[in-house]
Amino acid sequence: MTENRESFFKRLEPFLAPSVMLDVQLAYTLAKYGHRAQVRKEVGEDGNPVRYFEHVRRSAIILVDEVRIVDAPTVISLLLHDIVEDAPNLPPALIEHCFGTEVVTTVKTVSKDPKEGYLERFFMSTNWRPYVVKGCDRLDNLRSLAAGSKEFRQRQVAETREKYYPLFDRMLDLAPAELKAQVRHLRDLVRAECERQSALLEVAP
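Residues numbered from 1 in each chain as written. Predicted model: local features only at pLDDT ≥ 70, side-chain atom pairs only at ≥ 80, totals over all residues. Heavy atoms only, no water.

Notes on the environment of Ile95
The condition is simple: A run of DSSP states H or I qualifies as a helix once it reaches four residues; a run of E qualifies as a strand once it reaches two. Both are numbered from the N-terminal end. For every residue, the accessible area obtained with a 1.4 Å probe (protein chains only) is divided by the maximum for its type, and the residue is called buried under 20%, exposed over 50%, and partly exposed between those limits. Residues are treated as being in contact if the distance between any of their heavy atoms lies within 4.5 Å.
Turning to its location among the elements, Ile95 is positioned in helix H6 (residues 92-99). Of the residues examined, Ile95 reaches a relative accessible area of 4% and is grouped as buried. Here the alpha-carbon distance between Ile95 and Pro130, two residues 35 residues apart in the chain, equals 15 Å. Once you skip the residues sitting within four places of it in the chain, Ile95 turns out to touch Leu80, Ile83, Val84, Leu90, Gly100, Val103, Val104 and Val107.

Structure, rendered in structure tokens:
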């Protein structure tokens, strides 16, 4: 299925109030604007590089379709999770003004700004939401590894195992009781995809 704006919002509409849907629509628009000049390493069916926005939208779709969490602040945070790093004209103050403190603190936690001490800062967070955002982000990145070199893929697999497996164990510890099953499923999806990529590397030329 080819995703577009209509299909994305169709999955959310049964769950969210109209005013909340407007918030998500604004985040969607800002994400498209902020990443408008960026592309991924992936190549689409038409032979052209995939626009970067597809990654943030796919990450949000993972949350809803696979993790089965329909939580507006988390959806919005996923749409905007790379904005702080990639779009200086959309600073945290503007994100807070539009979407509130929950979203902006989640986005800032997952942002590698600055890169130094990133994981150490992340582990200080006791809020489950940034961990879930990072889990969906990492899962989509793992699924997109085919476009990278073998060395890049090896680095991503090693980084996921060494640095992010502990992060996602903490995600499960911090998740509220009513979301434990969904969050455990996300952690297991990341691990399964990482191990699948590792197996592919073993047979790659």
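Notes on helix H1 (residues 5-12)
Heads up, the condition is: We call two N or O atoms a polar contact when they sit within 3.5 Å, provided that within protein one can donate a hydrogen and the other can accept it, with sequence-adjacent residues counted only if both atoms are side-chain atoms.
Ser7, Phe8, Phe9, Arg11 and Leu12 are the residues of H1 that are buried. Looking at the buried positions of H1, the neighbouring elements they touch are helix H2 (18-34), helix H3 (53-66) and helix H4 (72-79). One side-chain oxygen at the N-terminal end of H1 lies 3.1 Å from the backbone nitrogen of Glu6; it belongs to Asn4.

Things to note about the packing of helix H9 (residues 128-143) against helix H10 (residues 150-174)
For clarity, the cut-off: For helices, the fitted axis covers only the stretch in contact; all axes are lines through C-alpha atoms, and the angles between them, taken along N-to-C directions, range from 0 to 180 degrees. For classification purposes, an angle smaller than 35 degrees is called roughly parallel, one larger than 145 roughly antiparallel, one from 65 to 115 roughly perpendicular, and anything else oblique. Here a crossing is called left-handed whenever its near helix is offset anticlockwise from the far helix by less than a right angle, and right-handed whenever the offset is clockwise. Classes in brief: Ala, Val, Leu, Ile, Met, Phe, Trp, Tyr, Cys and Pro nonpolar; Asp, Glu, Lys and Arg charged; the others, Gly included, polar.
Axis separation between H9 and H10 bottoms out at 9 Å; the angle between their running directions is 150°. Overall, the two elements H9 and H10 adopt an arrangement that is roughly antiparallel. The chirality of how H9 crosses H10 is left-handed. Only Gln156, Glu159, Thr160, Tyr164, Leu167, Phe168, Arg170, Met171 and Leu174 of H10 make contact with H9, whose side of the interface consists of Trp128, Tyr131, Val132, Lys134, Gly135, Arg138 and Leu142. Partitioned by chemical class, the residues of the contact of H9 with H10 number nine nonpolar, three polar and four charged.

Quick word on the packing of aromatic side chains
Threshold: What counts as a ring pair is set by centres within 6.5 Å for rings of Phe, Tyr and Trp (its six-membered ring), and what kind of pair is set by the plane angle: stacked under 30 degrees, edge-to-face over 60, tilted for all other angles. Ring-over charges, as used throughout, are those where CZ of Arg or NZ of Lys falls within 6 Å of the ring centre and within 35 degrees of the ring normal.
Tallying each qualifying case throughout the model produces seven aromatic pairs. Seen from their ring centres, Phe9 and Tyr28 are 5.1 Å apart, and the 55° between their planes marks the pair as tilted. You can see Phe9 sitting in helix H1 and its partner Tyr28 sitting in helix H2, a full 19 residues away along the chain. As far as the burial class goes, Phe9 and Tyr28 line up, both buried. An angle of 80° between the planes, with centres 5.8 Å apart, marks the rings of Tyr118 and Phe122 as edge-to-face. Residue Tyr118 and its partner Phe122 are located together in helix H8 (residues 118-124), separated by four residues, close to a single helical turn. Pair check on accessibility: Tyr118 and Phe122 agree, each one buried. Within the aromatic cluster, the residues linked to one another by ring pairs are Phe8, Phe9, Tyr28 and Phe53. Note that Lys32 overlies the ring of Phe53, its terminal NZ or CZ placed 5.8 Å from the centroid.

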